[in-house]
Amino acid sequence: MSKDDAHHPEPPTDLEARALALESLLVERGLLTTAAVDSVVAKFEQDIGPTLGARAVAHAWVSPDYKRRLLSDAKSALTEIGITEHQAEELIVVENTSSVHNVIVCTLCSCYPWMVLGLPPTWYKSAPYRSRAVLEPRTVLREMGLELPQQIDVRVWDSSADIRYMVLPMRPSGTENWTEDELAAVVTRDCMIGVAVPRVPASVG
Amino acid sequence: MNGAHDMGGVIGHGGLDAGRDERAVHHSWEGRVNAMMRLLLARGLFNLDQFRHAVERIPASEYLASAYYERWLTALEGLTRESRDETIALVEHRREARFAPGDPVIVRNVYTKRHTRLARYVAGRRGIVESVHGPFLLPDTRAHLISADWEPVYTVVFKGSELWGDEAGPRDHVSIDLWQSYLEEAHEQGRRSPPRAADRS
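Residues numbered from 1 in each chain as written. Chains lettered and ligands numbered in written order. Predicted model: local features only at pLDDT ≥ 70, side-chain atom pairs only at ≥ 80, totals over all residues. Heavy atoms only, no water.

Asker: Before we move on, can you summarise the domain arrangement of chain A with the specific residues and values?
Answerer: One can read the domain layout of chain A as domain 1 (14-45) and domain 2 (48-193). A C-alpha centroid distance of 31 Å is found between domain 1 of chain A and domain 2 of chain A. (Domains from an automatic or database assignment.)

Asker: So, the packing of helix α3 (residues 50-62) of chain A against helix α4 (residues 64-72) of chain A: which residues are in play, and what are the values?
Answerer: Residues and elements named next belong to chain A. Viewed as axis vectors pointing N to C, α3 and α4 meet at an angle of 130 degrees, and their least axial separation amounts to 5 Å. By the criterion of interaxial angle, the relationship of α3 to α4 is oblique. Crossing hand, α3 versus α4: left-handed. Along the contact surface, α3 presents Ala56, His59, Ala60 and Val62, while α4 presents Pro64, Tyr66, Lys67 and Leu70. (Axes fitted to C-alpha atoms, helices over the stretch in contact; angles between N-to-C directions. Helix = DSSP H or I, 4+ residues; strand = E, 2+ residues; numbered from the N terminus. Parallel < 35°, antiparallel > 145°, perpendicular 65-115°, else oblique. Left-handed = near helix turned anticlockwise from the far one by under 90°. Contact = heavy atoms within 4.5 Å.)

Asker: Account for the interface of chain A and chain B, naming residues and giving values.
Answerer: One widely used convention gives an interface's size as the accessible area the parts lose upon coming together. Taken together, the contacts link 66 residues of chain A with 64 residues of chain B. Between chain A and chain B, roughly 5,800 Å² of surface is buried when both sides are summed, and carbon and sulfur atoms account for 57% of that area. Its salt-bridge partner being B:Arg32, residue A:Glu23 comes within 2.8 Å of it at the nearest N-O pair. If you list the elements that add at least two residues to the side of chain A that touches chain B, you get α1 (14-28), α2 (34-47), β1 (90-95), α7 (127-132), α8 (137-143), β3 (153-158), β4 (163-168) and α10 (189-193) of chain A. Of the residues that constitute the side of chain A that touches chain B, the class distribution is 37 nonpolar, 11 polar and 18 charged. Bridge analysis of β3(A) against strand β5 (residues 172-179) of chain B gives 5 bridges, and the strand direction is parallel. (Buried area = accessible area lost by both parts, 1.4 Å probe. Salt bridge = Lys/Arg side-chain N within 4 Å of Asp/Glu carboxyl O. Nonpolar A, V, L, I, M, F, W, Y, C, P; charged D, E, K, R; others polar. Pairing = 2+ DSSP bridges.)

Asker: Residues and numbers for the environment of B:Phe46, please.
Answerer: Residue and element names in this part refer to chain B. Tracing the backbone shows Phe46 in the loop between α1 (28-43) and α2 (48-56). Distance in space between the C-alpha atoms of Phe46 and Tyr69 is 17 Å, their sequence separation being 23 residues. Sequence-distant contacts of Phe46, that is, excluding residues within four places in its chain, are made with Met37, Leu40, Leu41, Phe51, Leu76 and Leu79.

Asker: Any chance you could break down the confidence of the model for chain A for me, citing the residues and the numbers?
Answerer: The pLDDT averaged across chain A works out to 92; a share of 92% of its residues lies at or above 70. Ignoring residues within four places in sequence, the model shows residues 1-6 of chain A, a span with pLDDT below 50, making 1 contact including any to other chains. (pLDDT = per-residue confidence, 0-100.)

Asker: Residues and numbers for the pattern of salt bridges, please.
Answerer: Counting across every chain of the model gives 25 salt bridges over all chains. With its nearest N and O atoms 2.7 Å apart, the salt bridge here joins B:Arg171 to A:Asp153. Remark: A:Asp153 occurs in strand β3 and B:Arg171 occurs in the loop between α6 (160-164) and β5; the pair is interchain, linking two chains. Classification of B:Arg171 by relative accessible area gives partly exposed; the value is 36%. Notably, a salt bridge pairs B:Glu151 with B:Arg95, separated by 2.6 Å at the nearest N-O pair. Here B:Glu151, found in strand β4 (residues 148-159), pairs with B:Arg95, found in the loop between β1 (92-94) and β2 (104-107); they are 56 residues apart in sequence, far enough to count as distant. The class for B:Glu151 is buried, based on a relative accessible area of 0%. (Buried < 20%, exposed > 50% of the residue type's maximum accessible area, 1.4 Å probe, protein only.)

Asker: How would you summarise α3(A) if you had to cite specific residues and measurements?
Answerer: In this model, α3(A) (13 residues) spans 19 Å end to end at C-alpha, consistent with the 18 Å of a helix rising 1.5 Å per residue. The set of residues buried in α3(A) consists of A:Leu52, A:Gly53, A:Ala54, A:Ala56, A:Val57, A:Ala58, A:Ala60 and A:Trp61. (Expected span 1.5 Å × (residues − 1).)

Asker: Residues and numbers for the nonpolar core, please.
Answerer: Counting residues in each nonpolar core, the largest one holds 116 residues, and the members touching the most others are A:Tyr129, A:Ile193, B:Phe51, B:Leu76, B:Tyr121, B:Val122 and B:Leu178. Domain assignment of the residues forming this core places at least three in each of domain 1 (14-45) and domain 2 (48-193) of chain A. (Core = buried A, V, L, I, M, F, W, Y, C linked by side-chain atoms within 4.5 Å.)

Here is the structure:
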């Protein structure tokens, strides 16, 4: 293709063409509208992502009362801080401590706490993660850059039913005077899946 | 069903070394497939277990070779062909909780071509009920529009060694959420303590 053609769109791939055909058919049958699809796409691109979960974690770190509520009734606790995008699934927040480290997986499909983390990363949906997280969690975590002490218990949560799980990581030391926004910034998506722990940048901590 | 999707504990799928793919979607059509699935589910064109079963029915070699939203697309194409967009009233059943936290249970060995959320790696294994949730609709009948069976769901905890033998880390535990129909009482022969894999030898 010459440079002059660069402004022309590429021909659609097979999958793109199939998705387009499906959408047209569904619109034609009156089962959805293009505008509704656009709006859900925009919601996942702009509104729903790991910053929501991170806000809840940071708030729990500064407020013991909120932490209790987040661990006992996560949906209400999220609603309290303005996170209201729930559907039928239940959400349970599980707490990492100095003796237990929690990891989330879905071995049967790729169930994920999307209401607080957005859409899952590709590795979470991959066969290596789904097959091995239950079998050899410490090895998987090591491959992902997290070495856990031998004496700590590992608890893998296989979310096989209608309950979704999110990990409440431990607050890192050296963050005693941090604001909630500063705290939320170190709570990554991976920390809330349980394949990482929050790190304080060396220059700060 | 015991198919390619039922991946827990399967060996041979490779590693998770550096360079792992962090992206949620790679192409814009994937975001649209995600949106279409959620809209049709909310509309009730199918339920979540019908959708999951449609994904599970993808032939194994194709399932393993497909990207995540490609499987969703294939499932949606099939469901769109099959579904009539009408509400079918199912007979409802409600089952009282049979187990309580602390109870030892054995997971039934369900081998079916139908949909189930009983992962094969826990079939026949002993665990301890940690908590009780729901009731939720039993996927096995909901996926095939047989009946609407409201049941408790239990978080059942297994020692690594119960699932994977001596290779398991001594401090590793796995929990999985199981519908009541998947569980049987563990007959403890006068013993109340949690079962250990070594006890079976």
